Amino acid sequence: MVTLKINDKEVSVNDGDTILDAAKKLNIFIPTLCYLKEINKVASCRMCLVEIKGLPKLMTSCSTEAKEGMEVYTETDKIKEARKNNLELLLSNHNKDCDNCLKNNQCKFQELLDKYDIKEKYKNTREKLNIDNSTTYLVRDSNKCILCGRCVDVCSKVQDISVIGRNGRGITTQIGCAFEYPMVDSPCIGCGQCTLVCPTGALTEKDDTKEVENAINNKDLHVIACTAPAVRAALGEEFDMPIGTNAKGKMVTSLRKLGFDKVFDVDFAADLTIMEEVNELIERIKENKNLPMFTSCSPGWIKYVEQYHPELIDNLSTCKSPQQMMGAILKTYYAKKENIDPSKIFVVMIMPCIAKKFERARDGANDIDVVLTTRETARMIKRQNIDFNSLEDSEYDLPLGIGASVVFGSSGGVMEAALRTLTETLTNKPLEKIEFNEVRGLDGIKEATYDVNGREINVAIVSGIKNAKKIIKKIKNKEVNYDFVEFMTCPGGCLNGGGQPYIDFDKYDVEEVKKLRMKCLMEEDKNLPIRKAHENPSIKELYKSFLDHPGSELAEKLLHTKYEKREKYKK
Amino acid sequence: MNKEIDEIIKNSESLIEMLQKIQKIDGYLYFERLFYLSEKLDMSLEDIYSTATFYNGFSFNMKGKYQINICLGTVCYVKGSKELSEEISKILNIKDGECTKDGKFSLDTTRCLGCCSMAPVMKINDDIYGFVKKEQVKEILAKYN
Ligand code: SF4
Ligand code: SF4
Ligand code: SF4
Ligand code: FES
């Protein structure tokens, strides 16, 4: 431990902790734009400058170790002046257009410009740089980039694929792909983790809210909103609710207020996925074929396999994701049941995820019309001046509004839901204990072994592509012997998806936020009247009156898909 | 063609050394070569590309059959080499670092070529031209037809 003073207050921190860590402990605010705990430590933005008694130079607190007896000041005139200068310089290369920027009011850079009252001092002389909106899921605008490097470090250190990086040097540096490939032809898997850390509007989701508003205004269309499990656990944050609040009831009400004709729960489709996936797993185990089986709900992970490990494509479950299954059921079963022309049904998926925007168009299907992220949904609610916090709670519409698999929103959730159904299907006995605690939690790699009806089932749960890479290597080297592996693209699973609300890094610890969102989902699971996919009455009815049985010909046609090798860089 | 790259990987100590050797073969770094390198090294292509763009001396444009180098070392610069390069740009309609559409000429400004006594200096492949005047450029280029 070392003891030091910051602004005359004493604090003790661990050896190796930075001055910034120490200040956090004292609740002293130091502005940061580039630092990211455990990820980015390049100290490039120089916003976190502090004065240390006895040192003539100002030091960056994010990279300077706290030392015994140090006396640190965080708000002297000299510091303020230096921060102002830095901001002025950054602004001189910035296309400031807040009113038309998706980041408006959620932008760390804007917040500091306001706080330090920075007006444009130098003219923006930089040439207009290219805006990459080649993909259907994100937009990269170099004119708003302050080169903090956070996105680069997330893509390389969290996801371990390094699709984007710093190209060039000095004043010509820009964030981009190799050989300036457009994102759409690059190996980017669309996880959107980079958008979660960008302190400006230089990296954002592609906004599709206008398209949804137009559909709602079109009276000929029957417009349906379907919300993914993880959305309820985070949407409230956009409206200043405490982190971890389950906003399900208000969310459903707000979507009705926005004018959606029906609001359904993707938990229903998660149950359907479990029915098909467990059936597939049982078959594979019986035939000892294509094991271990890999889950297929996470589109970033799918694109990763197609590009980087095409030889493992047969290990992927052929099940479409809950999103895609939901779309297929809405435009067939539901359309028929409600007697609505499928071409008049407009399906909007509300997802914690950016990659879902390109998954939508996989294998030419057009069952889903638009995918909105949690953030875009909040944007629509705010735009209509709906007072979210004072809304009454309401329930989803039937029949596709009941689901047992809310756990899908968390790492381990698909596995747990599958294990519940798998065990009961194979043993024909109700589970004594419904929780599978070994598969829960935020660890990037989890393993467990269960005895199911006399057969040992080895499972693993992996989240984050960096961890996926490690496990794939072990599988290829035959160091492990799994039967079933859950892979999620984002660390912690969908609750930390690239389309979720931004976390204010000045105030919250990311791991803490993930924990609270996870707890929210687990609480809901605990209190659900039906917690097993195969016991969901709507699912039973769907098979009875439409699909027949899991793996039926119709189920194969509607609910399963194919994968193909993809080049990392498309010519 | 990628046998050469395999050899280079075997005999190099660092990424920079590999890139320098690859550049020597082709005169510039291009996608297929570096992609192969990235697969062999199990390193992301962007990491390699971003390293290459950080250092001076790597080129990502095709080189012409005739590679023109204009020295921008201090002495040549003072004696007007900048105007020479502008004149070439005008005649061939290419910018510094580019190659003509027919693949015949490429233009690169370089650091000191070590012939300061003949400044300003212009080099085409292995031919060195000294004391070049702007008006002579057209004539010199015409020799390479
Ligand atoms: S990035 Fe931030 S400061 Fe820049 S235009 Fe957008 S909101 Fe404004
Ligand atoms: S979306 Fe994911 S893969 Fe694509 S650049 Fe961002 S972090 Fe990298
Ligand atoms: S795009 Fe955003 S995160 Fe990436 S370097 Fe620029 S400002 Fe930083
Ligand atoms: S230099 Fe410390 S936060 Fe950027």
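The model shown is predicted, which means the values in this text are computed figures rather than measured ones. (Residues numbered from 1 in each chain as written. Chains lettered and ligands numbered in written order. Predicted model: local features only at pLDDT ≥ 70, side-chain atom pairs only at ≥ 80, totals over all residues. Heavy atoms only, no water.)

Section: the interface of chain A and chain B
- Residue-level contacts link 18 residues of chain A with 18 residues of chain B.
- Interface of chain A and chain B: buried area, both sides summed, is about 1400 Å²; carbon and sulfur atoms make up 59% of it.
- At the surface where chain A touches chain B, the tally comes to 2 salt bridges.
- The salt bridge partner of Glu32(B) is Lys571(A), with a shortest N-O separation of 3.4 Å.
- Seen at the junction of chain A and chain B, the total is 10 residue pairs in polar contact (both at pLDDT 80 or more).
- Looking at the side of chain A that touches chain B element by element, the count peaks at 3 residues for strand S8 (residues 165-167) of chain A.
- Of the residues assigned to the side of chain A that touches chain B, the class counts are 8 nonpolar, 5 polar and 5 charged. (Contact = heavy atoms within 4.5 Å. Buried area = accessible area lost by both parts, 1.4 Å probe. Salt bridge = Lys/Arg side-chain N within 4 Å of Asp/Glu carboxyl O. Polar contact = N/O pair within 3.5 Å; in protein donor to acceptor, adjacent residues only side chain to side chain. Helix = DSSP H or I, 4+ residues; strand = E, 2+ residues; numbered from the N terminus. Nonpolar A, V, L, I, M, F, W, Y, C, P; charged D, E, K, R; others polar.)

Some words on the packing of helix H8 (residues 266-287) of chain A against helix H10 (residues 322-338) of chain A
Residues and elements named next belong to chain A.
- Two numbers describe how H8 lies on H10: the axes approach to 8 Å, and their chain directions differ by 100°. In this view, H8 runs roughly perpendicular relative to H10, as classed from their interaxial angle. On H10, the residues touching Val266, Phe268, Ala269, Ala270, Leu272, Thr273 and Glu276 of H8 are Pro322, Gln323, Met325, Met326 and Ile329.
- Of the residues belonging to the contact of H8 with H10, the class tally is 9 nonpolar, 2 polar and 1 charged. (Axes fitted to C-alpha atoms, helices over the stretch in contact; angles between N-to-C directions. Parallel < 35°, antiparallel > 145°, perpendicular 65-115°, else oblique.)

Some remarks on helix H14 (residues 465-476) of chain A
All names here are of chain A.
- Here H14 spans 16 Å end to end across 12 residues, near enough to the 16 Å set by a 1.5 Å rise per residue.
- Among the residues of H14, Ile465, Asn467, Ala468, Ile471, Ile472 and Ile475 are the ones counted as buried. Taken end-on, H14 shows its buried residues confined to a sector of 145°, consistent with a single buried face.
- Looking at the buried side of H14, the elements it contacts are helix H4 (150-158), strand S13 (293-294), helix H9 (299-308), strand S16 (445-452), strand S17 (455-463) and strand S18 (484-488). (Expected span 1.5 Å × (residues − 1). Buried < 20%, exposed > 50% of the residue type's maximum accessible area, 1.4 Å probe, protein only. Arc of directions from axis to C-beta.)

Some words on the domain arrangement of chain A
All names here are of chain A.
- As assigned here, chain A comprises domain 1 (2-88), domain 2 (101-205) and domain 3 (215-571).
- For domain 2 versus domain 3, the separation of C-alpha centres amounts to 29 Å.
- Taken together, the contact between domain 2 and domain 3 spans 28 residues of the former and 35 residues of the latter.
- In total, domain 2 and domain 3 occlude about 2800 Å² of area from one another, counting both sides; carbon and sulfur atoms represent 53% of this.
- Of all residues in domain 2, the largest losses of buried area upon contact with domain 3 belong to Ile189, Leu196 and Glu205, amounting jointly to 23% of the total for that side. (Domains from an automatic or database assignment.)

Notes on unusual backbone geometry
- Cis geometry is adopted by the peptide bond preceding Pro292(A), which originates at Leu291(A) and carries an omega value of -5°.
- Relative to the helices and strands, Pro292(A) is located in the loop between H8 and S13.
- Cis geometry marks the peptide bond from Leu398(A) to Pro399(A); its omega dihedral reads 10°.
- As for its position among the elements, Pro399(A) is in the loop between helix H12 (374-383) and helix H13 (413-427).
- Non-glycine residue Asn93(B) carries a positive phi angle of around 60°.
- Looking at where Asn93(B) falls in the secondary structure, it is placed in the loop between helix H6 (81-92) and strand S2 (105-110).
- Residue classification places Asn93(B) among the exposed residues on the basis of a relative accessible area of 67%.

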